[in-house]
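Read off the chains here:
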Amino acid sequence: MNPKEEIPEEVLDIFVPFIGHRPYSGLGDTTVERRIKALTFPQPVRLGPGSRAFRVRDLREWQKDPMNYKAKA
């Protein structure tokens with residue numbers, strides 16, 4: 001997804017499943033897991049046992065500057 005593409009505000013607050021990061025990041029799951037631990041990728045939200053998701057808002061923020069992104073701990 002193009003980070004400059006305008007997305008309605010209400011869409012930014014939805015969740016995408018963990019695997020849904022791929023269209024935003026283009027990264028593999030192992031790389032994303034490493035970056036999550038290093039706080040250089042958005043932190044997933046636990047939705048239930050064994051279920052994680054990302055906020056679209058956080059993924060879009062990461063897209064703006066992936067090399068310098070720092071997640072909030």
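The structure this text deals with has already been given above.
Computed from a predicted model, the values in this text were never measured in an experiment.

Conventions and cut-offs
- Residues numbered from 1 in each chain as written.
- Predicted model: local features only at pLDDT ≥ 70, side-chain atom pairs only at ≥ 80, totals over all residues.
- Heavy atoms only, no water.
- Core = buried A, V, L, I, M, F, W, Y, C linked by side-chain atoms within 4.5 Å.
- Buried < 20%, exposed > 50% of the residue type's maximum accessible area, 1.4 Å probe, protein only.
- Helix = DSSP H or I, 4+ residues; strand = E, 2+ residues; numbered from the N terminus.
- Contact = heavy atoms within 4.5 Å.
- Pairing = 2+ DSSP bridges.
- Phe/Tyr/Trp six-rings, centres within 6.5 Å; stacked < 30°, edge-to-face > 60°.
- Lys NZ or Arg CZ within 6 Å of the ring centre and 35° of its normal.

### A closer look at the nonpolar core
Looking at soluble globular proteins, one finds that nonpolar side chains tend to be buried together. Ranked by size, the top nonpolar core spans 12 residues in total: Val-16, Phe-18, Tyr-24, Val-32, Ile-36, Phe-41, Phe-54, Val-56, Leu-59, Trp-62, Tyr-69 and Ala-71. Among the secondary structure elements, those contributing two or more residues to this core are helix 3 (29–37) and helix 4 (56–64). Discounting residues that sit within four places of it in the chain, Phe-18 has contacts with Asp-29, Val-32, Glu-33, Ile-36, Arg-52, Ala-53 and Phe-54.

### As for unusual backbone geometry
Phi angles above zero are rare outside glycine, and Leu-39 is one such case at about 60°. Tracing the backbone through its elements, the reader meets Leu-39 in the loop between helix 3 and strand 2 (45–48). Look at Leu-39 and you get partly exposed, because its relative accessible area is 28%.

### So, the pairing of strand 3 (residues 51–55)
By the bridge criterion, three bridges tie strand 1 (residues 15–17) to strand 3 in an arrangement that is antiparallel. Paired with Phe-15 across the strands is Arg-55, a residue of strand 3.

### Some words on the packing of aromatic side chains
Applying the stated criterion to the full structure yields three aromatic pairs. A ring pair is formed by Phe-41 and Phe-54, whose centres lie 5.5 Å apart and whose planes are at 80°; its orientation type is edge-to-face. On the criterion of sequence distance, the pair formed by Phe-41 in the loop between helix 3 and strand 2 and Phe-54 in strand 3 is long-range, its members being 13 residues apart. Summarising the burial analysis for this pair, Phe-41 and Phe-54 share the class buried. One aromatic cluster in this structure is built from Phe-18, Phe-41, Phe-54 and Trp-62. In this structure, Arg-52 is placed above the aromatic ring of Phe-18, and the distance from its NZ or CZ to the ring centre is 4.3 Å.

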